[in-house]
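Spelled out, the chains give:
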Amino acid sequence: MGKRFPEGFLWGGAVAANQCEGAYNEDGKGLSIQDLAPKGIYGSITDEPTEDNMKLIGIDFYHRYKEDIKLFAEMGFKVFRFSIAWSRIFSNGDDKEANEKGLKFYDNLLDELEKYGIEPLITLSHYETPLALAKNYNGWTNRKLIGFFEKYVKTVFTRYKDRVKYWLTFNEINSALRAPYSSAAIWTPKEELSLQDLYQAMHHELVASALAVKIGHEINSDFKIGCMILGTPIYPLTPNPKDVLKALENDRESLFFADVHARGKYPRYMNRFFKENNISLDITPEDEEILKNTVDFISFSYYMSSCATADISKVEGEGNIIAGVPNPYLEASEWGWQIDPEGLRYLLNTLYDRYEKPLFIVENGLGAVDELITDENGNKTVNDDYRIKYLNDHLIQVREAIEDGVEIIGYTTWGCIDLVSFTTAELKKRYGFIYVDRHDDGTGSLERYKKKSFYWYKKVIETNGESLV
Ligand code: BG6
């Protein structure tokens, strides 16, 4: 038996609207950029929503959330992270009026969480910008998006001001560097997108994020608003100083986003990067003022670490959208993501040393192929010992980081119920404690079944981490 986690530690799970809700065109929802991306970030964009797009139905969370939240409550969740689909609230993003039916859906969802005493943690934008903002404005390259986002967040902050405390602005904001369509709704194909336009788009998002923090605190000073970054620690591949410097450089590529959010201004190292890449950003004095509204906490996703080398011939693949080289000491998941529990402790310490702000691990988990079996009692289940091991090993490192002195608000596993994957848009890549009977060929009853890990996580929460081994 290990040590218990701090009292009040928020245990839970996370999902995103576009990957679980389905009901892509119900109750006034407009199309989101994901409705045209049936193959995830690697495939092409379709003209219209197509049947092979698993996200259109997702896991039908829109209609089954009551059943699902009941299962989360049974596991003892203290917190549930979900996103609001922006296009349910403003179907085109630039509409005059908010869609009452969309707001009502989230009222109901919050009612259900309240019933079980589960704290909501809401992501305002999780790769699901209204499609019209991508098509008509070229997404975040356009400064007007700040105003549209402002209106959207004002609407939801005001509506839920007495019901929600924890908010995240943009999911994995740094991922726009690799996935500009999903992350920043940029319609220009990635190959044609200039670094100038990309970083200008990122600047607009950073300003919008800080503006959300400002508005949120004005609406309710008790709000805790965080940024969200894709957390991938970068190790030098060798002790060659050139590799060490390369690792520093690659780390900064991501940490730049957390730096602005946490420190309220651009870090000086970006000046050189901008100069050498002929980037000249339009940053107004008002923008600089807004950026000073720093976040209350830093949240991040963690799946893998990566290695950096100065030897460009060794760089291959894109993993979870961070380019790097494989670490010879680590094994990888079925999707090639290298498993590194200690990397989580390393990242937690790095971020805490750098910012001294509370941290929230809002995504972590193993995407794997699961086999549904019938046990001796005739119940359908999955013996997902591999997932239990992955989560156990990572949580042990979270506890180590707490011992190191890092302040951690909570931990939400990614895809606590199976859902459509983001990068590859498949359902066979499963993360959940709950199996959903739906398959990539469109078949399946959508029934839910508890996996072995369901009972394991229930115990972890019940014992506040003491049961981890
Ligand atoms: C993160 C995203 O990048 O990783 C999630 O915030 C995503 O939306 C998760 O689902 C896992 O990635 P994938 O491709 O396995 O679903």
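In short, a report on the structure. (Residues numbered from 1 in each chain as written. Predicted model: local features only at pLDDT ≥ 70, side-chain atom pairs only at ≥ 80, totals over all residues. Heavy atoms only, no water.)

### Details of the site of the ligand
Working step 1: Of all residues adjacent to the ligand, which total 14 residues, the nearest are E172, F422, T423, K429 and Y431.
Working step 2: A distance of 2.7 Å separates an oxygen atom of the ligand from a polar atom in the side chain of Q19.
Working step 3: Contacts to the ligand include E172, whose side-chain N or O atom sits 2.6 Å from an oxygen atom.
Working step 4: The fraction of the free accessible surface of the ligand (380 Å²) that becomes covered by protein chains is 99%.
Working step 5: When its residues are assigned to classes, the shell around the ligand shows six nonpolar, five polar and three charged. (Near = heavy atom within 4 Å. Polar contact = N/O pair within 3.5 Å; in protein donor to acceptor, adjacent residues only side chain to side chain. Areas by Shrake-Rupley, 256 points an atom, 1.4 Å probe, with all protein chains shown as cover. Nonpolar A, V, L, I, M, F, W, Y, C, P; charged D, E, K, R; others polar.)

### Some points on the sheet that holds strand β12 (residues 408-414)
Working step 1: Ordered in space as β1-β2-β3-β4-β5-β7-β9-β12, the eight strands form a closed barrel in which the pairing is parallel. Between one strand axis and the next, the sheet turns through 25° on average, direction left out of account.
Working step 2: In terms of strand pairing, strand β1 (residues 10-14) meets β12 through five bridges, oriented parallel. Each bridged residue has a counterpart across the sheet, and for G12 the counterpart in β12 is T412.
Working step 3: Along the sheet face, helix α13 (residues 385-404) touches β1, β7 (297-302), β9 (359-363) and β12 and points at about 170° away from the line of β12. (Pairing = 2+ DSSP bridges. Helix = DSSP H or I, 4+ residues; strand = E, 2+ residues; numbered from the N terminus. Axes fitted to C-alpha atoms, helices over the stretch in contact; angles between N-to-C directions. Contact = heavy atoms within 4.5 Å.)

### Focus: the packing of aromatic side chains
Working step 1: Counted by the stated rule, this structure contains 42 aromatic pairs.
Working step 2: Ring centres 4.8 Å apart and planes at 80° place the aromatic pair F157 and W167 in the edge-to-face group. Of this pair, F157 sits in helix α6 (residues 144-159) while W167 sits in strand β4 (residues 166-170); the two residues are ten residues apart in sequence, bridging distant segments of the chain. The burial state of F157 is the same as that of W167; both residues are buried.
Working step 3: For the ring pair Y303 and Y431, a centre distance of 6.1 Å and an interplane angle of 70° mean the geometry is edge-to-face. Within this pair, whereas Y303 is found in the loop between β7 and β8 (306-308), its partner Y431 is found in the loop between β12 and β13 (434-436), the two being separated by 128 residues in sequence. In this structure, Y303 and Y431 share a single accessibility class: buried.
Working step 4: Here the guanidinium or amino end of K429 rests over the ring plane of W337, the centre of that ring lying 3.7 Å away.
Working step 5: Seen from the ring of Y435, R430 lies directly overhead, with NZ or CZ sitting 4.0 Å from the centre. (Phe/Tyr/Trp six-rings, centres within 6.5 Å; stacked < 30°, edge-to-face > 60°. Buried < 20%, exposed > 50% of the residue type's maximum accessible area, 1.4 Å probe, protein only. Lys NZ or Arg CZ within 6 Å of the ring centre and 35° of its normal.)

### Re the layout of surface pockets
By rolling a water-sized probe across the atoms, one finds the places where empty space is left.
Working step 1: Computed from the structure, the largest pocket encloses a volume of approximately 790 Å³.
Working step 2: Together, 31 residues line the largest pocket, and K246, E249, N250, E253 and F273 are the ones closest to its centre.
Working step 3: Of all the elements in the fold, those that place two or more residues in the lining of the largest pocket are α8 (195-219), α9 (241-263), α10 (269-276) and β8.
Working step 4: The biggest single contributor to the lining of the largest pocket is α9, with nine residues. (1 Å grid on protein atoms, 1.4 Å probe; cavity = no way out; pocket = protein on both sides within 12 Å on 5 of 7 lines; lining within 4 Å. Points joined across faces, edges and corners; volume = space filled by probe spheres on them.)

### Describing the pairing of β1
The side chains of a regular strand alternate, first on one face of the sheet and then on the other.
Working step 1: The element β1 is largely enclosed, with a buried count of five among its five residues.
Working step 2: Because side chains alternate across β1, one face comprises the buried residues L10, G12 and A14, and the other comprises W11 and G13, equally buried.
Working step 3: Taken together, the three bridges between β1 and strand β2 (residues 79-83) define a ladder with parallel strand orientation. Opposite G13, over in β2, you have F80 as the bridge partner.

### Here we look at the state of the cysteines
Working step 1: Under the defined criterion, the tally for this structure stands at zero disulfides.
Working step 2: Note on C20: no disulfide assigned, nearest cysteine sulfur contributed by C416 at a separation of 8.5 Å.
Working step 3: You can call C20 buried: its relative accessible area is 2%. (Disulfide = S-S within 2.5 Å.)

### Some points on the pattern of salt bridges
Side chains bearing opposite charge may pair, as long as their charged atoms lie close to each other.
Working step 1: The full count for this structure, using the stated rule, is 36 salt bridges.
Working step 2: One salt bridge in this structure joins K39 and D52, with 3.0 Å as the shortest N-O distance. Taken together, the positions of K39 in the loop between α1 (17-20) and α2 (61-75) and D52 in the loop between α1 and α2 put the pair 13 residues apart, joining distant regions of the chain.
Working step 3: Given the relative accessible area of 44%, K39 is considered partly exposed.
Working step 4: Ionic pairing is found between R178 and E253, a salt bridge with its closest N-O pair at 2.8 Å. Of the two residues, R178 sits in the loop between β4 and α7 (180-184) while E253 sits in helix α9, which places them 75 residues apart along the sequence. (Salt bridge = Lys/Arg side-chain N within 4 Å of Asp/Glu carboxyl O.)

### Description of the environment of K39
Working step 1: Expressed as a C-alpha distance, the spacing of K39 and A425, which sit 386 residues apart in the sequence, is 5.4 Å.
Working step 2: Leave out the neighbours within four places in its chain, and K39 touches D52, T423, T424 and A425.
Working step 3: Of the polar contacts made by the side chain of K39, one reaches the side chain of D52; its length is 3.0 Å.

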